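Secondary and tertiary structure notes
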Amino acid sequence: MAEETWEGVVEKKRRAAFDGANMYRRVVVRLDDGSTSKVRVSRELWNDLDVGDRLVKEAGADPRRA
């Protein structure tokens, strides 16, 4: 997964504490090929993102806002 490369648009933001202790932040991204993917992101990125924002994931790097 770390070597994946993709680009897409944020369709939905979600966060939850599945284990009751840690908050997990995920976004649903509509990739350029038309498929969707659930992506875990950092708190800082999650707070900065809005639905409709574009994300880029390069090999060996975390997703970032385009």
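This report concerns the structure included in the present document. (Residues numbered from 1 in each chain as written. Predicted model: local features only at pLDDT ≥ 70, side-chain atom pairs only at ≥ 80, totals over all residues. Heavy atoms only, no water.)

Turning to the environment of Thr36, a few remarks are in order. Positionally, Thr36 belongs in strand S3 (residues 36–40). For Thr36, a relative accessible area of 44% corresponds to the partly exposed category. As for Thr36 and Gly8, which are separated by 28 residues in sequence, their C-alpha atoms are 8.7 Å apart. Sequence-distant contacts of Thr36, that is, excluding residues within four places in its chain, are made with Glu11, Val28, Val29 and Arg30. (Helix = DSSP H or I, 4+ residues; strand = E, 2+ residues; numbered from the N terminus. Buried < 20%, exposed > 50% of the residue type's maximum accessible area, 1.4 Å probe, protein only. Contact = heavy atoms within 4.5 Å.)

With that settled, consider the packing of aromatic side chains. This structure, assessed with the given rule, holds zero aromatic pairs. Positioned above the aromatic ring of Trp46 is the side chain of Lys13, whose terminal nitrogen or guanidinium carbon lies 4.2 Å from the ring centre. (Phe/Tyr/Trp six-rings, centres within 6.5 Å; stacked < 30°, edge-to-face > 60°. Lys NZ or Arg CZ within 6 Å of the ring centre and 35° of its normal.)

Now for the pattern of salt bridges. Using the criterion set out here, one finds six salt bridges in the structure. Across the salt bridge formed by Glu7 and Arg54, the nearest N and O atoms sit 3.3 Å from each other. In this pair, Glu7 is assigned in strand S1 (residues 6–16) and Arg54 in strand S4 (residues 54–57), connecting sequence segments 47 residues apart. A residue is classified by how much of its surface remains accessible, and Arg54, at 29% relative accessible area, is partly exposed. Here Arg54 makes a salt bridge to Asp32, at a shortest N to O gap of 2.7 Å. Of this pair, Arg54 sits in strand S4 while Asp32 sits in the loop between strand S2 (24–31) and S3; the two residues are 22 residues apart in sequence, bridging distant segments of the chain. Salt bridges here are not isolated pairs; linked through shared partners, they connect Glu7, Asp32 and Arg54. (Salt bridge = Lys/Arg side-chain N within 4 Å of Asp/Glu carboxyl O.)

All right, on to the sheet that holds S4 then. The strand order across the open sheet formed by five strands is S3-S2-S1-S4-S5, and the pairing between neighbours is antiparallel. Edge strands, defined here as strands with exactly one partner in the open sheet, are S3 and strand S5 (64–65). Relative to S5, S4 runs antiparallel, the two being bridged by two bridges. Bridge pairing in S5 links Val56 to Arg64. (Pairing = 2+ DSSP bridges.)

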